2 protein chains.
Amino acid sequence: MSFIRNILNSRSQEDGNFFLQLKEILGFKPKSKFLYITAFTHRSMNLTDEKGNAMNYERLEFVGDAILGSVIAGYLYEKVPHGDEGYLTKMRSKVVSREHLNKLGEELGLIDLVQSKIPKSNFGSNIHGNLFEALVGAIYLDRGYKACEKFVYKRVINPHVDIEALEGKVISYKSLLIEWCQKEKNTFDYQIYEDTGNDELKHFSVKLIINDKVISKARATSKKKAEEKASKRAFFALQERITKS
Amino acid sequence: MSFIRNILNSRSQEDGNFFLQLKEILGFKPKSKFLYITAFTHRSMNLTDEKGNAMNYERLEFVGDAILGSVIAGYLYEKVPHGDEGYLTKMRSKVVSREHLNKLGEELGLIDLVQSKIPKSNFGSNIHGNLFEALVGAIYLDRGYKACEKFVYKRVINPHVDIEALEGKVISYKSLLIEWCQKEKNTFDYQIYEDTGNDELKHFSVKLIINDKVISKARATSKKKAEEKASKRAFFALQERITKS
């Protein structure tokens, strides 16, 4: 314990504001100060704990990366019910992209808190994202998943995750599909016919034909609904080609 | 709601034991039955929910995979304090390997619960692991992280994760290193000398030289401790080469 006390004392002496600034970012008081000191210790400090294990933020990055992945996965599962596994994976990788994490870490000013033997001006931009991941890892180990999830919602999801923007501002799949067909010089045709069958309500069926091939079919209670439904199906069937173009 | 009721009824009629067997596996009663039915519905059933979204276990696999990753990450962080980020990542990938997940799913007999239009004998072995991941995802969404973590400890970590076995049954790093040197025809030499300096206790320093190159150094209060410490450092420095051989 005296080892930890020494580390804590030295951190407080060197930078009296560390825990104040940290509390500002976290919105709560840390239980295990040691975890947060680790989260802001760069490997160049060459610190080890009393058992000789390296003490820097890299192991916490590993934990934070996993927790971020879980929180975002749970969020997307609920928010994007039409997306399949591959689609959800792609959306998550946009949310936790290196670029996005760097931006988050930079906004929170995490680099101001890091202890390093290397001048801060020498770090590349990934330091911001790495510190952010490490901080998430420290919060999880310090306070548990629920508190960490709350932090991720407050700092990542609520201010920055816009499902519609992520989905490319899809309002009408029909307009999206037509736009893509025109851009790519594909012919398209919505073949619509009444198809009430034994239903009480009038129904319509539609075949969406792109370049003389039936890409999707749908049936609904209005022409517009049937077309939108068929467009949505076609969109997900052609997703890879559409998002690449 | 009537849609969900229909699904629940059909599942109970077709297989009255479904929820009984499930409770046996889970060790608790599900809150949201719908999630577990989804976790055991194969895409060949072509089911959709009332909004037309596909209803099968693939999206839950995405969630379960993330949660498993988090639980194992937190566990390894505590249990393997000497392992760096890369080492922890490798250990985790052993725990959640396709092969291991398949074994877990098979042991729990998850395939008996799945609804599918494809005969079960036609499935490859990955179905077991996929169902296991989907089940973990369903538990997380149904009961939250803590309960899910408990399930993962009960079903994965406690019965199957043996840190020592994962680390290749490392008891003495010195014996491991010597064994490797002999196998690979590397020369090795532990150069040990007293190095008490200003310390009250007697100390020893050791240089570990492999193929005429100093690979690691260590200092401790006994020759044996210093040698083991230097061996451990060398082991992690040479880890890639050792584990490949």
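Thresholds applied
- Residues numbered from 1 in each chain as written.
- Chains lettered and ligands numbered in written order.
- Predicted model: local features only at pLDDT ≥ 70, side-chain atom pairs only at ≥ 80, totals over all residues.
- Heavy atoms only, no water.
- UniProt positions renumbered as here; feature names shortened; annotations may be inferred.
- 1 Å grid on protein atoms, 1.4 Å probe; cavity = no way out; pocket = protein on both sides within 12 Å on 5 of 7 lines; lining within 4 Å.
- Points joined across faces, edges and corners; volume = space filled by probe spheres on them.
- Helix = DSSP H or I, 4+ residues; strand = E, 2+ residues; numbered from the N terminus.
- Nonpolar A, V, L, I, M, F, W, Y, C, P; charged D, E, K, R; others polar.
- Contact = heavy atoms within 4.5 Å.
- Buried area = accessible area lost by both parts, 1.4 Å probe.
- Salt bridge = Lys/Arg side-chain N within 4 Å of Asp/Glu carboxyl O.
- Polar contact = N/O pair within 3.5 Å; in protein donor to acceptor, adjacent residues only side chain to side chain.

As annotated in an unreviewed UniProt entry, chain A carries the name Ribonuclease 3 and is attributed to Winogradskyella epiphytica. Of chain A, the UniProt comment under Subunit (unreviewed entry) reads exactly: "Homodimer." The UniProt entry for chain A carries the following comment under Cofactor (unreviewed entry): "Mg(2+)".

Draft legend 1. Local environment of the layout of surface pockets. Estimated volume of the largest pocket: approximately 1,200 Å³. Along the wall of the largest pocket there are 37 residues; nearest its centre are His82(A), Lys232(A), Phe236(A), Gly52(B) and Ala54(B). For the lining of the largest pocket, the secondary structure elements donating two or more residues are helix H5 (85-95), helix H9 (163-166), strand E3 (213-220), helix H11 (223-237) and helix H12 (239-244) of chain A together with helix H4 (58-79) of chain B. With six residues, the single largest contributor to the lining of the largest pocket is H11(A). Residues belonging to the lining of the largest pocket are distributed by class as follows: eleven nonpolar, ten polar and 16 charged. Considered as a void within the structure, the second largest pocket measures approximately 890 Å³ in volume. Lining the second largest pocket we find 32 residues, and of these Gly52(A), Asn53(A), Ala54(A), His82(B) and Arg233(B) sit closest to its centre. Sorting the residues of the lining of the second largest pocket by element identifies helix H4 (58-79) of chain A together with helix H5 (85-95), strand E3 (213-220), helix H11 (223-237) and helix H12 (239-244) of chain B as the ones contributing at least two each. Looking at the lining of the second largest pocket, the element that brings in the most residues is H11(B), giving six residues. In terms of residue class, the lining of the second largest pocket is built from nine nonpolar, eleven polar and twelve charged.

Draft legend 2. Focus on the interface of chain B and chain A. Contact residues are listed per partner, giving 31 residues for chain B and 31 residues for chain A. For the pairing of chain B and chain A, the buried interface totals around 2,700 Å² over both sides, and the portion due to carbon and sulfur atoms is 58%. At the surface where chain B touches chain A, the tally comes to zero salt bridges. Inspection of the chain B/chain A interface yields eleven residue pairs in polar contact (both at pLDDT 80 or more). Elements supplying a minimum of two residues to the side of chain B that touches chain A: helix H3 (33-39), H4, H5, helix H7 (126-143) and helix H8 (145-160) of chain B. Here the side of chain B that touches chain A gets 14 residues from one element, more than from any other, and that element is H4(B). Partitioning the side of chain B that touches chain A into residue classes produces 14 nonpolar, eight polar and nine charged.

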